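Structural overview
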Amino acid sequence: MRQSKIYMRPWLEIHHRTKKTDTDEWYMGLANELLPLVMTFPLYEGNPDVAEDQRRLALTCALYLEDCVADAGNWREFIHWHKRSYGRYLPFYSLTEDYLPDEINREDIAFLLWALSSTSSDSFPFNDVENPLDETLLELADVLYERLDAAFESAPISDELASNWMMDRRLMEKEREPLPEIVPGAALPADVEHFLEAGKGEPLMFFDSYDALKFFFVHSLKWEDDEEALLPELAEFDNFVVYGNPKGVLVAPDVAKYFAAGNNPLYDAATTEEEAYEMFCEGGLCPFDLLKYGMEHNLLPEAQFPFENGKALLHDNWDFVARWFLREFYEGD
């Protein structure tokens, strides 16, 4: 079998430049040394783009080391942002005193492996989420750490680092907004007034079918009884959540079964265990305000990733997970 090789072009594209610097050859050499190590592990087995995934991983490890040696760049931005936002340098992993934010760390590399395996974007739509504590993932992280640790002292300092390769700065800068609250005496849209009256003050209501939802629109919200005015695009869905708040009335299809509200006859704990994590990972599946309401009011207690310790890993890191996967849907309009 012909040996795979990583060429300079993708490295330069990640750095958004066309000319090589003095340090590029060294880091490309490192990436090509790492590639055979990556290829010995079955982390990407079954993926039709396994060779490309392996090259991306080797390149990403070189980018990581480049940032660490320079003590700058997008990796440093990411861990310090995560520490400010969530109180620790990384999601998922229990960090000890041995974790040094100004050096390289095993947990960093484990997270990079998770990040490359669990992503959602225009180029890589959501497929599933990797277990960050997967045994094979952690074994490969150890192997790559040993190689990067051996190279750390001799690695050259780069003056032109890649930007946004780990996480887009704009996404890190997005603030999680407080939930809109209904203040007694404050003026509300007419739809919201009608909603709260029909629901006896409850912020969430649940409907099993589009016909039931239409009936509510007409007879409770006082909408015009006209097919075009009654959100006909929702006709193919069921299991609706309707959330009334000062912004207006928000309608979310196919997610009612996940919300453990006292007034929700559609709640299904078993289905929630299996499927609800997808709301945190698939853009457009659940409006972020509703997802946020569910988490802040403990209405999604059975939501969990589909692997060991999946409940704790999701609930302890849910805001980061939503930000990572939902991207423009995180605090989107």
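Our subject is the structure that appears above.
Bear in mind the structure is a predicted one, so any value in this text is a computation, not a measurement.

**Section: the pattern of salt bridges**
Scanning the entire structure with this criterion turns up 20 salt bridges. One salt bridge connects Asp 71 with Arg 76, and the closest N-O pair in it is separated by 2.8 Å. Residue classification places Asp 71 among the partly exposed positions, given a relative accessible area of 46%. Using a relative accessible area of 5% as the deciding quantity, one classes Arg 76 as buried.

**Focus on a negative patch on the surface**
There is a patch of like negative charges on the surface, built from Asp 102, Glu 103, Asp 149 and Glu 153. Residue position: Asp 149 is located in helix H6 (residues 135-152).

**A word on helix H11 (residues 288-296)**
For H11, the tally of buried residues reaches eight of nine residues, placing the bulk of the element in the interior. Among all positions in H11, only Phe 288, Asp 289, Leu 290, Leu 291, Lys 292, Tyr 293, Gly 294 and Met 295 are buried. Just beyond H11, the residue with positive phi is Asn 298, at close to 55°.

**What about the pairing of strand S2 (residues 240-245)?**
The buried count for S2 comes to six of six residues, which makes it a mostly enclosed element. Residues Phe 240, Val 242 and Gly 244 point to one face of S2 and Val 241, Tyr 243 and Asn 245 to the other, with burial holding for every one of them. Inspection of the sheet shows strand S1 (residues 204-207) paired to S2 by four bridges, in the antiparallel sense. Looking at the pairing, Phe 206 lines up with Val 241 of S2. Pairing between S2 and strand S3 (residues 248-252): five bridges, direction antiparallel. The residue bridging Tyr 243 from the neighbouring strand is Leu 250, located in S3. In textbook terms, the turn of a hairpin is the stretch between consecutive antiparallel strands, and for S2 and S3 this stretch comprises two residues.

**A look at the state of the cysteines**
Within the structure shown, the criterion is met by zero disulfides. Between Cys 61, a free cysteine, and Cys 68, which holds the nearest cysteine sulfur, the sulfur-to-sulfur gap is 10 Å. Assessed through its relative accessible area of 1%, Cys 61 is described here as buried. Cysteine Cys 286 is unpaired, with the sulfur of Cys 281 as its nearest cysteine sulfur at 12 Å.

**Focus on the packing of helix H2 (residues 24-39) against helix H3 (residues 50-70)**
Packing of H2 against H3 brings their axes to within 8 Å, and their N-to-C directions diverge by 135°. Classed by the angle they form, the pair H2 and H3 counts as oblique. Every pair of crossing elements has a handedness; the one defined by H2 and H3 is right-handed. Every residue of H3 that contacts H2 at Trp 26, Tyr 27, Met 28, Leu 30, Ala 31, Leu 34, Leu 35, Val 38 and Met 39 is listed here: Gln 54, Arg 55, Leu 57, Ala 58, Leu 59, Cys 61, Ala 62, Leu 65, Glu 66 and Val 69. Residues that form the contact of H2 with H3 fall into these classes: 16 nonpolar, one polar and two charged.

**Here we look at the sheet that holds S1**
Across the sheet, three strands lie side by side as S1-S2-S3; this open sheet has antiparallel pairing. Both edges of this open sheet fall to S1 and S3, since each of them pairs with a single strand only. Geometrically, the sheet is characterised by an average inter-axis angle of 20° between neighbouring strands, direction not taken into account. Of the strands in this sheet, S1, S2 and S3 are in contact with helix H9 (residues 210-219), which crosses S1 at around 135°.

**Structural notes on the packing of aromatic side chains**
Two descriptors summarise a pair of aromatic rings, namely the distance from one centre to the other and the angle between the planes of the rings. What the rule picks out here adds up to 30 aromatic pairs. Arranged with centres 4.8 Å apart and planes meeting at 40°, the rings of Phe 207 and Phe 216 form a pair that is tilted. Accessibility classification places Phe 207 together with Phe 216 in one group, the buried group. Each residue in the set Tyr 64, Trp 75, Phe 78, Trp 81, Tyr 86, Phe 92, Tyr 93, Phe 111, Trp 114, Phe 320, Trp 324 and Phe 325 is aromatic and connected to the rest through ring pairs, giving one cluster. Across the ring face of Tyr 89, the terminal group of Lys 83 is positioned such that the distance to the ring centre comes to 5.5 Å.

**Digging into the packing of H11 against helix H13 (residues 318-326)**
Packing of H11 against H13 leaves a shortest axis separation of 12 Å and a crossing angle of 165°. Between H11 and H13, the interaxial angle falls into the category roughly antiparallel. The handedness of the crossing between H11 and H13 comes out as right-handed. Contacts between H11 and H13 involve Phe 288, Leu 291, Lys 292 and Met 295 from the first element and Trp 318, Asp 319, Ala 322 and Leu 326 from the second.

Cut-offs applied
Residues numbered from 1 in each chain as written. Predicted model: local features only at pLDDT ≥ 70, side-chain atom pairs only at ≥ 80, totals over all residues. Heavy atoms only, no water. Salt bridge = Lys/Arg side-chain N within 4 Å of Asp/Glu carboxyl O. Buried < 20%, exposed > 50% of the residue type's maximum accessible area, 1.4 Å probe, protein only. Patch = residues over 30% accessible without salt bridge, like charges linked within 9 Å, V, L, I, M, F, W, Y side chains within 5 Å. Areas by Shrake-Rupley, 256 points an atom, 1.4 Å probe, with all protein chains shown as cover. Lys, Arg positive; Asp, Glu negative; His and termini not counted. Charge placed at Lys NZ, Arg CZ, Asp CG, Glu CD. Helix = DSSP H or I, 4+ residues; strand = E, 2+ residues; numbered from the N terminus. Pairing = 2+ DSSP bridges. Disulfide = S-S within 2.5 Å. Axes fitted to C-alpha atoms, helices over the stretch in contact; angles between N-to-C directions. Parallel < 35°, antiparallel > 145°, perpendicular 65-115°, else oblique. Left-handed = near helix turned anticlockwise from the far one by under 90°. Contact = heavy atoms within 4.5 Å. Nonpolar A, V, L, I, M, F, W, Y, C, P; charged D, E, K, R; others polar. Phe/Tyr/Trp six-rings, centres within 6.5 Å; stacked < 30°, edge-to-face > 60°. Lys NZ or Arg CZ within 6 Å of the ring centre and 35° of its normal.

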